[in-house]
Amino acid sequence: MVEAMDEVDLFVIGAGSGGVRAARIAAGYGAKVAIAEEANFGGTCVNRGCVPKKLLVYASRYRGDFDEAAAFGWRVGETAFDWATLIANKDREIARLESVYRRNLDKAGVAIHAQRAVIEDANTVRLADGKRIRAGKILIATGGRPYRGPAFEGQELAITSDEAFHLTELPRRILIVGGGYIAVEFAGIFAGLGSETTLVHRGERLLRGFDTELADELASSYGRNGIGLRLGATVKRIVRDAYGLTVSLSDGSVAHTDVVMLCTGRRPYTGGLGLDSAGVALAPSGAIIVDSQSRTSTPSVFAVGDVTDRVNLTPVAIREGHAFADREFGGTPQPIDYDLIPTAVFSTPELGTVGLPEAAARERYPQLKVFRTGFRTMRSAFAEGEDRMLMKLLVDGATDRVVGVHVLGDAAAEMIQLAGVALTAGATKAQFDMTMALHPSAAEELVTLRQAS
């Protein structure tokens, strides 16, 4: 007897930002859609990534706000921080957001399967409960997982960013391994909340791929604010002893800490999905290889988001999922521009960037002009703070088009989102100059820069 199977037009594996957007848009076009998620709806961003991390960033900045308040006439009095309250409130907000994701899927008419799904063949999915579903198209949007890095003695004593959101208490001391935006952001978080924080990175500078001038200024700010930077070093061994955790580094030094957190990157989550049974080709990293239309080596199977290891950012996954649904079910192809992606590092101070960093821009544009400024903001100067705001405009001298905007300082992320609109529209330096300044603001510097260096 042949087993009867449900049939759908689209089956999505993974209910993170990209998968949910694709499912909802496809259903809006009239497609019969089902989605499976083995963990939390909303994926990494909502549950273990950008959303809870930003909440912790907000919490960490109050210390500086309290310190500055006295200069503005406020008497704050004695302050204290309670980690348990923050984590409980964070968990409540994340639970609310996860329920919103599920509710929106249900409203769109998407069949929800809160369990693991694997691929049996190019058009068949098998759920953990044994049910099998036929699908005209399968979309994989399973995201990524933390990578613990090369093995070393005592590695099992370390945590990753996933566990950091569920620590039972704020560490008195924490050592963070990595130099990318996740490591840098968590270093700022824990230092701001009062932990003695050390950042260990194998490279000689932080934030590879970002503009080096801003990255170096951020590192200097971290040093001034008490974060210990151990650059050019790796962890060789972790031992639990009377000091808590003793960490031996490749430069011969030793650090004593209570928590070691590995922020050494993320890897696509493709293991055990049955991709080989459908003939889906993978890169050596485990990422699913896709073309410009997110199609894999199997015509009926597609993939979006971090699992493809193209650009691992939530808005990119959302755009890819939306574009997939528009193209495959709405008949309206939407190109995706990966060259102009506004990006922020939610450090303190904050870093925002869109377009090319200076080194890459010089290679592409021989007549590059660099407009830069550095200053203390009105708020910082009044409170006698040391951190400076740094801004850069990169301009192709041949066309006058602005090809990069980089900001370090308060509200950098908010500024860079709007700068991204200007660059996407192809704005020139002359058009920036024509724009009326908003005074007094830090952002006005972006339209008043006149002298190229």
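Residues numbered from 1 in each chain as written. Predicted model: local features only at pLDDT ≥ 70, side-chain atom pairs only at ≥ 80, totals over all residues. Heavy atoms only, no water.

**Quick word on the state of the cysteines**
To keep things clear, this is the line we draw: Disulfides are defined as cysteine sulfur pairs within 2.5 Å. Relative accessibility decides the category of a residue: with a 1.4 Å probe and only protein chains considered, values under 20% of the type maximum give buried, values over 50% give exposed, and everything between is partly exposed.
Under the counting rule described, the total for this entry stands at one disulfide. Note on cysteine connectivity: Cys-45 is disulfide-linked to Cys-50, with sulfurs 2.0 Å apart. Classification of the bridge connecting Cys-45 and Cys-50 rests on its S-S torsion, roughly -140°, and on that basis the disulfide is left-handed. Here Cys-263 is not disulfide-linked; the sulfur of Cys-50 is the nearest cysteine sulfur, at 15 Å. Judged by its relative accessible area of 9%, Cys-263 is buried.

**Looking at the nonpolar core**
Cut-off, in case you're wondering: Among buried residues, those of type Ala, Val, Leu, Ile, Met, Phe, Trp, Tyr and Cys that are joined through side-chain atoms within 4.5 Å constitute a nonpolar core. Helix and strand labels come from DSSP, where a helix needs a run of H or I of at least four residues and a strand needs a run of E of at least two; each type is numbered from the N terminus. Any two residues whose heavy atoms approach within 4.5 Å at even a single point are treated as in contact.
Ranked by size, the top nonpolar core spans 39 residues in total, and within it Ile-176, Val-184, Phe-186, Phe-190, Leu-199, Leu-207 and Met-261 carry the most contacts. It is helix H6 (residues 181-193) that provides the largest number of residues to this core, a total of seven residues. With near-sequence residues (within four places) excluded, Phe-190 lies in contact with Trp-83, Leu-167, Leu-170, Pro-171, Ile-174, Ile-176, Ser-195, Thr-197 and Met-261. Ranked by size, the runner-up nonpolar core spans 22 residues in total, among them Ile-133, Ala-135, Ala-278 and Ala-303.

**Overview of the packing of helix H3 (residues 50-69) against helix H4 (residues 83-107)**
Helix-helix packing is described using two parameters, namely the angle between the two axes and the distance between the axes. Rules: Note on geometry: axes are C-alpha line fits, over the in-contact stretch for helices, and angles between N-to-C directions span 0 to 180 degrees. Each crossing gets its handedness from the near helix: less than a right angle anticlockwise from the far helix is left-handed, clockwise is right-handed. Each residue gets one label: Ala, Val, Leu, Ile, Met, Phe, Trp, Tyr, Cys and Pro are nonpolar, Asp, Glu, Lys and Arg are charged, and the others, such as Gly, are polar.
In the contact formed by H3 and H4, the axes pass within 10 Å of each other and the chain directions differ by 145°. The hand of the H3/H4 crossing is right-handed. Judged by residue contacts, Val-51, Pro-52, Leu-55, Leu-56 and Ala-59 of H3 engage Trp-83, Leu-86, Lys-90, Glu-93, Ile-94 and Leu-97 from H4. Per-class residue counts for the contact of H3 with H4 are nine nonpolar, no polar and two charged.

**Describing the pattern of salt bridges**
Where we set the bar: When a carboxyl oxygen of Asp or Glu lies within 4 Å of a side-chain nitrogen of Lys or Arg, that pair is called a salt bridge.
Taken as a whole and judged by the stated rule, the model has 27 salt bridges. The salt bridge partner of Glu-217 is Arg-224, with a shortest N-O separation of 3.6 Å. Assessed through its relative accessible area of 37%, Arg-224 is described here as partly exposed.

**Brief notes about the packing of aromatic side chains**
Here is the rule we go by: The aromatic pairing rule takes the rings of Phe, Tyr and Trp, using the six-membered ring of Trp, and pairs them if the centres are within 6.5 Å, calling planes under 30 degrees apart stacked, those over 60 edge-to-face and the rest tilted. Placement of a positive charge over a ring is assigned whenever Lys NZ or Arg CZ falls within 6 Å of the ring centre and within 35 degrees of the normal to the ring plane.
Summed over all chains, the structure comprises seven aromatic pairs. Measuring from ring centre to ring centre gives 6.1 Å for Phe-324 and Phe-329, while their planes differ by 80°; the resulting arrangement is edge-to-face. Among the aromatic residues, those joined into a cluster by ring pairs are Trp-83, Phe-165, Phe-186 and Phe-190. One Lys or Arg, Arg-102, reaches over the ring of Phe-41 and ends 4.6 Å from the middle of that ring. Between the NZ or CZ atom of Arg-145 and the centre of the ring of Tyr-269, over which it lies, the distance is 3.8 Å.

**Digging into H4**
Since the α-helix turns once every 3.6 residues, residues separated by three or four places project in the same direction. Operational definition: Helix span is expected to be 1.5 Å times the residue number reduced by one.
Here H4 contains 25 residues, and its C-alpha end-to-end distance of 36 Å stays within 8% of the 36 Å for a straight helix at 1.5 Å per residue. Here H4 has its buried residues at Trp-83, Leu-86, Ile-87, Lys-90, Ile-94, Leu-97, Glu-98 and Leu-105.

**Focus on the sheet that holds strand S14 (residues 254-257)**
One key point about sheets: their strands pair by backbone hydrogen bonds, in either a parallel or an antiparallel sense. Spelled out, the test is: Strand pairing is defined by DSSP finding a minimum of two bridges between the two strands.
Here we have three strands laid out as an open sheet, ordered S12-S13-S14, and antiparallel in their pairing. Since the sheet does not close on itself, it has two edges, and those belong to strand S12 (235-241) and S14, each with one partner. Averaged over all adjacent pairs, the angle separating strand axes in this sheet is 20°, with direction ignored. Bridge count for strand S13 (residues 244-249) against S14 is four bridges, and the pairing is antiparallel. Residue pairing in the sheet places Val-247 in a bridge with Ala-255 of S14.

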